[in-house]
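# Per-entry structural report
Listed below are the residues making up each chain.
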Amino acid sequence: MPIPTDRGLVAITKDARGRTAVMVGTSITDGQVDGVYAMHVAPKQIVVDPAVRLSAGEHGQFTTEPVEVYDSGNAVQIRALDATADLRRM
C-alpha cells in the first residue's frame, strides 16, 4: 500500500485551458480551497475513492471531509481517511 503524501481538504479544478489541478489545503471557503500546501497539476488521471464525498463549487469540485492524496505515478489517488486503526493501546 502506498504511503499517502498529503492529507487535507481537496479541490479539483479545471482552468481556462482545460488543465486539471488537484489542490490540497487546510479548509474550504465558498467552494474554494484555502491554505494550499500541495498541488498536482495536469495529472494523467484522477482516481477518487467511492467513499469520498464531492460537492460542486464555482470552479470545480471539492471534498467535504479531509482525505488522503498521493501520486501513484499513473494517477493521483484521492481516498477517504481510514480512522479504524489506532496507535493507542487499551
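Numbers given for residues are sequential positions, taken from 1 along each chain in its written order. Local features in this predicted model are restricted to residues whose pLDDT is 70 or higher, and side-chain atom pairs enter the listing and the counts only when it is 80 or higher, whereas totals over whole chains, interfaces and linings include all residues. Values shown for side chains rest on all heavy atoms present in the structure; no hydrogens or waters enter the calculation.

### Quick word on the pairing of strand 5 (residues 38-41)
For the record, the criterion: The classification of residues rests on relative accessible area computed with a 1.4 Å probe and restricted to protein chains. Under 20% of the type maximum is buried, over 50% is exposed, and intermediate values are partly exposed. The way it works is that DSSP assigns letters per residue, a run of H or I at least four long becomes a helix, a run of E at least two long becomes a strand, and they are numbered from the N terminus. The criterion for strand pairing is that DSSP finds at least two bridges linking the strands in question.
Residues Ala-38 and His-40 point to one face of strand 5 and are all buried, whereas Met-39 and Val-41, pointing to the other face, are not buried. Pairing analysis gives four bridges linking strand 2 (residues 20-25) to strand 5, with the strands arranged antiparallel. Paired with Met-23 across the strands is Met-39, a residue of strand 5.

### Let's talk about the nonpolar core
Counted only if it meets this: Nine residue types can take part in a nonpolar core, namely buried Ala, Val, Leu, Ile, Met, Phe, Trp, Tyr and Cys, and a core is a set of them joined through side-chain atoms within 4.5 Å. Pairs of residues are marked as contacts when any of their non-hydrogen atoms sit within 4.5 Å.
Residues Val-10, Ile-12, Val-22, Val-24, Ala-38, Val-52, Val-67, Val-69, Val-76 and Ile-78 constitute the largest nonpolar core, which totals 10 residues. Every residue in contact with Val-67, bar those within four places of it in the chain, is listed here: Asp-6, Arg-7, Gly-8, Val-10, Val-52, Ile-78, Arg-79 and Leu-81.

### Looking at the confidence of the model for the protein
Formally: pLDDT expresses, on a scale from 0 to 100, how confident the predictor is about each individual residue.
Averaged over all residues, the pLDDT of the protein equals 88, while 87% of them reach at least 70. Across the protein, strand 6 (residues 46-48) holds the top mean pLDDT of 97, while strand 4 (residues 32-34) sits lowest at 87.

### Description of a nonpolar patch on the surface
Filter applied, for reference: Here, patches come from residues exposed beyond 30% relative accessible area and free of salt bridges, joined within 9 Å for like charges and within 5 Å for nonpolar side chains (Val, Leu, Ile, Met, Phe, Trp, Tyr). What sets the accessible areas is the Shrake-Rupley method with a 1.4 Å probe; for residues, cover comes only from the shown protein chains. Salt bridges are defined as contacts in which a side-chain nitrogen from Lys or Arg sits within 4 Å of a carboxyl oxygen from Asp or Glu.
A cluster of nonpolar side chains, namely Val-36, Met-39 and Val-41, defines an oily patch on the protein surface of about 250 Å² accessible area. Inspection of the secondary structure assignment puts Met-39 in strand 5. Judged by relative accessible area, Met-39 falls into the partly exposed class, the value being 45%.

### Concerning unusual backbone geometry
In this structure, Ala-42 is a non-glycine residue whose phi angle is positive, near 50 degrees. Given a relative accessible area of 45%, Ala-42 falls into the partly exposed group.

### Some points on the pairing of strand 8 (residues 60-63)
Of the pairings in the sheet, the one linking strand 1 (residues 6-14) to strand 8 comprises three bridges and is antiparallel in character. Each residue of the ladder has a partner; that of Ala-11, found in strand 8, is Phe-62. One ladder, built from three bridges, connects strand 7 (residues 54-56) with strand 8; its direction is antiparallel. What sits directly across from Ala-56, in strand 8, is Gln-61. Between strand 7 and strand 8, which pair antiparallel and follow one another directly, the connecting turn spans three residues.

### Re the environment of Arg-7
Heads up, the rule is: Nitrogen and oxygen atoms within 3.5 Å of one another constitute a polar contact, given that in protein one can donate a hydrogen and the other can accept it, and given that sequence-neighbouring residues count only through two side-chain atoms.
Summarising the element assignment, Arg-7 is placed in strand 1. As a C-alpha pair, Arg-7 and Glu-68 span 61 residues in sequence and 4.6 Å in three-dimensional space. Not counting residues up to four positions away in its chain, the partners in contact with Arg-7 are Val-24, Tyr-37, Val-67, Glu-68 and Leu-81. Of the polar contacts made by the side chain of Arg-7, one reaches the side chain of Glu-68; its length is 2.9 Å.

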